[in-house]
Amino acid sequence: MEVYYCTKLQGKTGSQARWSRAPGYPALLAVPMSPYSVGIFNEEGRPLDPNNELTIRNIRGSDCMQLAWHPLLPLLAIGWKDGAISFWNAEERHLEEDSKTHRNPLSCMLWNQSGDRLFTSDENGKLAVWKTDRLMRPIHVVSYDEQPGCKIRTVVLGPTEISPDSNMTATIVYYGVNQNNTTVLKWANDQGYTGVVQELTEEVHNIIYYAEKEQLVVTTSGCTLHVLGRNEQLGTWQSISKMKFATGTGEAATALQVCWACDHTLASASERDNVVRLYNFDTEDNYVLTLDAAEGTGNVTRIVCLASDLRCGLLAAGTADGRVTVFKYNAPSKEGEPVLDFARCWEQQPAFQVGNRALSMEWGPNPRLMAVVSPDGVNACRKTLLNHRFRDNHVVIQTGVDRLVVESVDPDQQGSMRAPGKLTTKMQILGLDISKGMMLVYDGTRGDLFKVTDTNDVVESGSFETTSRAMAIQNDSIFRAADNRIEVCNTAGTVKQTLAFDEIHGTPVLLDICRDYLGAVTQNNYVRVFKVAGREAKPHAGPGLLIPAEFAHLKIDQIRVNATGTMVSALVSSKDKSREHKMFVYCSENNSTLMYDFAKDNRTPQVMAWDVVEGKLLSVQTLAQARDDLLDVPSSGHTTEVGLMFVSPEHGVLMQEYQDIDKTGAKGLIGLQAPHLMLNKQSLVAAAGAQPFTSNVARIMLQGFAGMEESDEKTKSALLDFSYYLATGNMDEAFRAVKAIKNPAVWENMAHLCIKNKRLDVAEHCLGKMENARGARAAREARSIDELDARVATVAIHLGMVEDAKRLYIASDRFDLLNKLYRASGQWDKALEIAEKNDRIHLKATHYAYAQFLEKTGEVTGAVEHYEASGCGQVEVPRMYFETGQIDNVQAYITKHADDHELQVWWARYSESIGDFNTALDCYEKAGDALSMVRIYCYTKNFSAAEEQVARLGDPAAAFHLARQYEAQGRITEAIRFYTQAKRYSHGVRLAKKHELDSELMNLALKSTPLVMIDAADYLNEKGEHEKAATLYMKGGKLSKAVEMCFAARLFDVLQHITDDLQANQDPGLYMRCSEFFMSNGHFDKAVKMLIAAGQYSRALELCVEHDVSITEEMAEAMTPSKDVMSNEERNLVLQRIAKVAKRQGSWQLAAKKYTQAGEKIKAMKALLRSGDTEKIIFFAGVSRQKEIYMMAANYLQTLDWHSDPEIMKNIIGFYSKAQAMDSLAAFYEACAQIEIDEYRDYEKALQAMREATKYLAKSKAEDRESKLAAVNQRISMTEKFVMARQLITQNPQQALSICNEVLMTIPADSQDLDSGIRVGDVFALMIEYWYEQRNALEAYKLIEQMRGRNIILSPYLDQRMVEEVYKALGVEPVQDRAPTQRAAAPRTGYNPEEGYIDEEIVDEIVDED
């Protein structure tokens, strides 16, 4: 059992206390002291400096107001009443100070999480930000001042964010500025920015940052809770919710305590309540935690303060009478069922007393430390296990901080137990020990000796002062740890022997004695063992490392030495005082260390005890962290168990079993005296002739020794040896140890041990000795099971070890066998749970077995439920009711399950059997059983109703039954109709032939089987129906007979249909016969298809040419030979012949396709050009990648309207470029230029095109390249001049006119426009338009006449209205403009429409004629 040791700090302390939290450093407690100082204490409440309680003094005479420890370093920030800030380094014991920033008492002080910023506020409304330099001195960063009279009493740390200006991480704090009973909530960061969050009309008492949702939770003087959130879009804060605490206002509001309890959950309490109220902001659940009544009073006092440790899920509540109650939060499983009562997730721990009213509390750096401030001082609280010792048949148990009981475990001479002795010491007990009736109790300042009499009376024997914190007693010698030594003293404290330790080994810190051996462990984790049986202690074993070097970071909390002095075990903890799962054992025989990790067993070790006689047997009290629900252990709470193990240097730690001691009501393990566990358990003992008394010690038999209470010591020792040898695998020694034992109970215990060690071979031997035939048979049959654990579990069941069997089945994942075990033991709920979660393959079988069980026990309702769950309800439930004569229940059950097909059919058949046809018809209707309904209608001669059902439901079986009925009655037509509806065509054909219904016969035969078709064809052939007969022969598979009949009866269409259905290469001779038949009768198109099917491609082509039969795509593909049947040359010739025929027939695309397959891409391109399919021409040119094809495609595209389609123009340029046809490309650009001039008068674009033409002419390799290039350059020069004139006509008209005249003089009068590159008419038009705008009609008239003199038509260049106005201005009669003469447009350069395929066509025709 663990309790909190509370140490009241010496001296007059202030109203607060702060624990240091720097990882890797000792926990220190800082407390304001009087006068004008701060005290630093360790976790036990002792001054850090024993000679100076007032560690940090203020020489100016100012009291400490605020304290704040650095989160990562042993650095304490102190705020004084005069406003000074001090930094105290705990490692160097050095103090640095700043007294310039604050001038008023400090009200708040807190570090950010990284420790690089400290925020302070004072009672005059000033908030300051600090940092430290490398010497740990305070450096002021920035300050924020409020108006005079304002006070800042609450500051809370907010999030960190990136500052947009400096791009650095900034820490935000939120604080309340109080003035005149109102508060302005503000935010500030360490970069010099601040802002307002919200204004409240009440004074703020608490601000809590809700990090999960980035919100603020604020409580005010009116007991109101505000939740504030930030609107990211508006950038402002707004109220999200508001609620009222049920605690009143005024002083009650001042006493309101709030803090975070766990995720999303806020805890609150006040002096008006004796409960803790919790509210979950995420789920909006609220609930209360109730404190247990104080011991002996039955009353629960008011709660005055709260403190939480979110890291460990702890919530502490302090009351007005000085009690502190701790609640532990166990988070609900996310995979389990939803939690309805969250209060059940909180586990209440035992309360402890601090003396007076608890004003405030603070958790330490680990959950084992707490500081409680009360009016009379500060208490340092440390959680630790209560001490106990079991030696020399005496048990000493610490029951409180200063109380203990002493009890003898052996009866007196009369065989009666004696009442325990009780002792209340004058110290907080640090440790205790007992030997031969002498008891030692110490607290680190003194040691007290007591004599325990035969009646368990405790008599004070002596006392001495000592600072040792580790002591032990053996007879009349006291062993106490000191610096680098162990002092052996007498009962007066006088040293009579010294056991020295090397500095390398360090100072001894823990001592333990068992029988005659003393074990000592040093601060450097070295262990030594001394024999203390004689007058002097003598070295026995060691020194050796108890903890390997890789685990040096762990701290040893507890050691135990065994009875032979050969092994020392230790339990350890981490630096944060949390218990580790590892146990270490030092073995002196081979100077080695063993380790056992309880984490693999999902347990945490707490207490150890070696057997008082057997040196290899060790017991460890553990706390099970979690247990499986399948083992009937509740999920909430923890289970205390004792693990029994053998330890040997050769075989290591051999875990035997865990024994649950919670079921016995025991509080914990005291010791081990095989075959008994000594447990701390209170029980009422009725002593003979004396008053009953309460005993604190109970002897519990080990599970492996159950039923052997009356056995002698020899038998018990033999069984212990058997267990050890069995665990180590030494079977010879194991059998030798027990060969003389005849008691069946002993063999049964040994069988149990074999199950624990999973030794079925030895278990079979034990079962034989027990004469347990069933168990032996189970062991033999279990050999067929693959999993060892499952085999062991099967045998364990026959030994009554059901719980062990369950665990083994679970460990081996044999949930099917576990299911059977639960079913066999009548635990049907557990069996169903197992089947539902882990053994779903047997879920229905489990439901079925449970239903059978319930049926036998008469629980019909439950049986019905589980029969349905098993999927057998439609059979078993009616059977169960029927067998018990409950016909009404059967009918009610079937009515309830009207949608169950099988149930309805079952009831319908039953009703039909008793002649209730109406009920049967209703049930058959519900079940959709048309056959049964028609059968009943036919039986009752209601054929019209039967026909309606067949027509409505369309059931083939029902139609067949009705057809048979009609046939029996001679109604042949109706019978054939319903045979057809039932798809039983052979019966219809049979009736049609029999009754010569030829009109029905053909349709029925075509739907029937091939044999029926042939039979019908023979019948029709005999009757002269050759066409129908041929069709049926063909459908029935007799093709030759069908063809002969077509030949004989000249059935061309039928023959064509037959040949179409034939598979390729099925019968070439048949195809040839068909082709000859078609040719002889003038059906050449059908003959061609037959020749193609027969593989006579040449003949087929000749026939196509001779009789002008068009070749389709399908025919061409059919004539295309496969690559595997002939060589490429022959195949290409065939393809070319197909292409030529297709070309003659005008199928250009088909010809192109076949030319392409034959590898004749140029011919294919020519065929495509004839087809005029531009898209395919472009695609084919792109994939062919041949110069000639590029040229042909580009020449073709120039015949199109390429100027209005940029995509065509792009392809022309691309094809010429890929063909490297620079002359053609240049000519194309010249054509582009001419079109720009002729149609758009856009000389600028024409100039660009001509320049592009020169680029490609320069790359040309033609002989006349230079002359062409000179001509184009001349045109460019002329065009450039004209373009310049057009640009200058508005700015410098004289120069523009001069250029135009120069151009006109350069161009001869009889010259063509194409030669000069510009149109002469455009030059005249530019000049005429200029003079017309200048109102100079004379000059305009002269130029118009010059145009007429050059035979230039005016209308394409000049506006007719403008010409008339010029003539009118001069009084000259307008001359009628002559009509333009039509000139044939010269073909574009580089393209001849007929070039490329006309000549080739002539060549092809010549080849064909040859």
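Keep in mind that this is a model prediction, so the values were computed, not measured. (Residues numbered from 1 in each chain as written. Predicted model: local features only at pLDDT ≥ 70, side-chain atom pairs only at ≥ 80, totals over all residues. Heavy atoms only, no water.)

Let us look at unusual backbone geometry. Gly 542 connects to Pro 543 through a cis peptide bond whose omega is 0°. In this chain, Ala 674 is followed by Pro 675 through a cis amide linkage whose omega measures 10°. Of note, Pro 675 is situated in the loop between β58 (668-673) and β59 (676-685). One non-glycine residue, Lys 436, lies in the positive phi region at around 55°. Its place among the elements puts Lys 436 in the loop between β38 (431-435) and β39 (438-442). The class for Lys 436 is exposed, based on a relative accessible area of 54%. Positive phi is not limited to glycine here, since Asn 456 has a value of about 70°. (Helix = DSSP H or I, 4+ residues; strand = E, 2+ residues; numbered from the N terminus. Buried < 20%, exposed > 50% of the residue type's maximum accessible area, 1.4 Å probe, protein only.)

So, about the sheet that holds strand β48 (residues 526-531). Remark on secondary structure: sheet strands pair via backbone hydrogen bonds, oriented parallel or antiparallel. With antiparallel pairing, the four strands of this open sheet are ordered in space as β46-β47-β48-β49. Strands with a single pairing partner mark the edges of an open sheet, and in this sheet they are β46 (508-514) and β49 (538-545). Pairs of neighbouring strands in the sheet enclose a mean axial angle of 15°, with direction left out of account. Pairing between strand β47 (residues 517-522) and β48: five bridges, direction antiparallel. Across the sheet, the residue bridging to Leu 518 is Phe 530, located in β48. (Pairing = 2+ DSSP bridges. Axes fitted to C-alpha atoms, helices over the stretch in contact; angles between N-to-C directions.)

Contact geometry for helix α12 (residues 860-869) and helix α13 (residues 873-883): axes closest at 8 Å, N-to-C directions at 160°. What the angle tells us is that α12 and α13 run roughly antiparallel. Crossing of α12 against α13: the hand is right-handed. From α12, Val 860, Ala 863, Val 864, Tyr 867 and Glu 868 reach across to α13, where they touch Gly 873, Glu 876, Val 877, Arg 879, Met 880 and Tyr 881. For the contact of α12 with α13, the per-class residue count stands at seven nonpolar, one polar and three charged. (Parallel < 35°, antiparallel > 145°, perpendicular 65-115°, else oblique. Left-handed = near helix turned anticlockwise from the far one by under 90°. Contact = heavy atoms within 4.5 Å. Nonpolar A, V, L, I, M, F, W, Y, C, P; charged D, E, K, R; others polar.)

Across the sheet, three strands lie side by side as β58-β59-β60; this open sheet has antiparallel pairing. The open sheet terminates on both sides in strands that have one partner only, identified here as β58 and β60 (693-701). Ignoring which end each strand starts from, the neighbouring axes of this sheet average 45° apart. Bridge analysis of β59 against β60 gives eight bridges, and the strand direction is antiparallel. Looking at the pairing, Val 685 lines up with Phe 693 of β60.

Before going further, it helps to examine the nonpolar core. Ile 1318, Val 1323, Phe 1324, Ile 1328, Ile 1344, Met 1347 and Leu 1358 are the most contacted members of the largest nonpolar core, which totals 70 residues. When residues in this core are grouped by element, the largest group, ten residues, is from helix α42 (residues 1320-1333). Here Ile 1328 is in contact with Ala 1340, Leu 1343, Ile 1344, Met 1347, Leu 1358 and Met 1362, once residues within four sequence places are set aside. Counting 56 residues, the second-largest nonpolar core is a separate cluster that includes Ala 609, Leu 719, Phe 722 and Ala 763. (Core = buried A, V, L, I, M, F, W, Y, C linked by side-chain atoms within 4.5 Å.)

Bringing the pattern of salt bridges into the picture now. Where charged atoms of side chains with opposite charge meet at close range, the side chains can pair. Enumeration according to the criterion identifies 37 salt bridges in this entry. Across the salt bridge formed by Glu 580 and Lys 582, the nearest N and O atoms sit 3.7 Å from each other. The burial state of Glu 580 is the same as that of Lys 582; both residues are buried. Of the charged contacts, one joins Glu 855 and Arg 879 as a salt bridge, the two residues approaching to 3.2 Å between their closest N and O atoms. With Glu 855 in helix α11 (residues 843-856) and Arg 879 in helix α13, this pair connects stretches of sequence that are 24 residues apart. Look at Glu 855 and you get partly exposed, because its relative accessible area is 24%. (Salt bridge = Lys/Arg side-chain N within 4 Å of Asp/Glu carboxyl O.)

The next subject is the packing of aromatic side chains. Ring pairs (aromatic) are described by centroid distance and by the angle formed between their planes. For the coordinates displayed, the defined rule picks out 21 aromatic pairs. For the ring pair Tyr 850 and Phe 853, a centre distance of 6.3 Å and an interplane angle of 20° mean the geometry is stacked. Highlighted residues: Tyr 850 and Phe 853, both in helix α11, separated by three residues, approximately one helical turn. By way of ring pairs, the aromatic residues Tyr 210, Trp 260, Tyr 279 and Phe 281 are connected into one cluster. Between Arg 528 and the ring centre of Phe 501, over which it is positioned, the NZ or CZ distance is 4.9 Å. In this structure, Arg 603 is placed above the aromatic ring of Tyr 658, and the distance from its NZ or CZ to the ring centre is 3.9 Å. (Phe/Tyr/Trp six-rings, centres within 6.5 Å; stacked < 30°, edge-to-face > 60°. Lys NZ or Arg CZ within 6 Å of the ring centre and 35° of its normal.)

Here Thr 171 lies in strand β15 (residues 169-179). For Thr 171, a relative accessible area of 6% puts it in the buried group. Here the side chain of Thr 171 touches Asn 112 through a polar contact of 3.3 Å, side chain to side chain. Residues in contact with Thr 171, not counting those within four places in the same chain, are Asn 112, Phe 119, Leu 157, Pro 159, Thr 160, Ala 188, Asn 189 and Asp 190. (Polar contact = N/O pair within 3.5 Å; in protein donor to acceptor, adjacent residues only side chain to side chain.)

Locating Leu 432 in the fold gives a position in strand β38. In contact with Leu 432, not counting residues within four places along its chain, are Asn 387, His 388, Arg 389, Val 396, Gln 398, Leu 404, Leu 440, Val 441 and Tyr 442.

What follows deals with the pairing of β48. Hairpin connection of β47 to β48: three residues between the antiparallel strands, including Asn 525 at a positive phi of 70°. Pairing of β48 with β49 involves five bridges; the strand directions are antiparallel. Its bridge partner being in β49, Phe 530 is matched across the sheet by Pro 539. Turn length for the β48-β49 hairpin, with the two strands adjacent in sequence and antiparallel, is six residues.

Quick look at the pairing of strand β42 (residues 471-474) now. The side chains of a regular strand alternate between both faces of the sheet. Of the two faces of β42, the one holding Met 471 and Ile 473 and the one holding Ala 472 and Gln 474 are both buried throughout. Here β42 runs beside strand β43 (residues 477-482); their pairing, made up of four bridges, is antiparallel. Looking at the pairing, Gln 474 lines up with Ser 477 of β43. Counting the residues in the hairpin turn of β42 and β43 gives two residues, including Asn 475, whose phi is positive at 55°.

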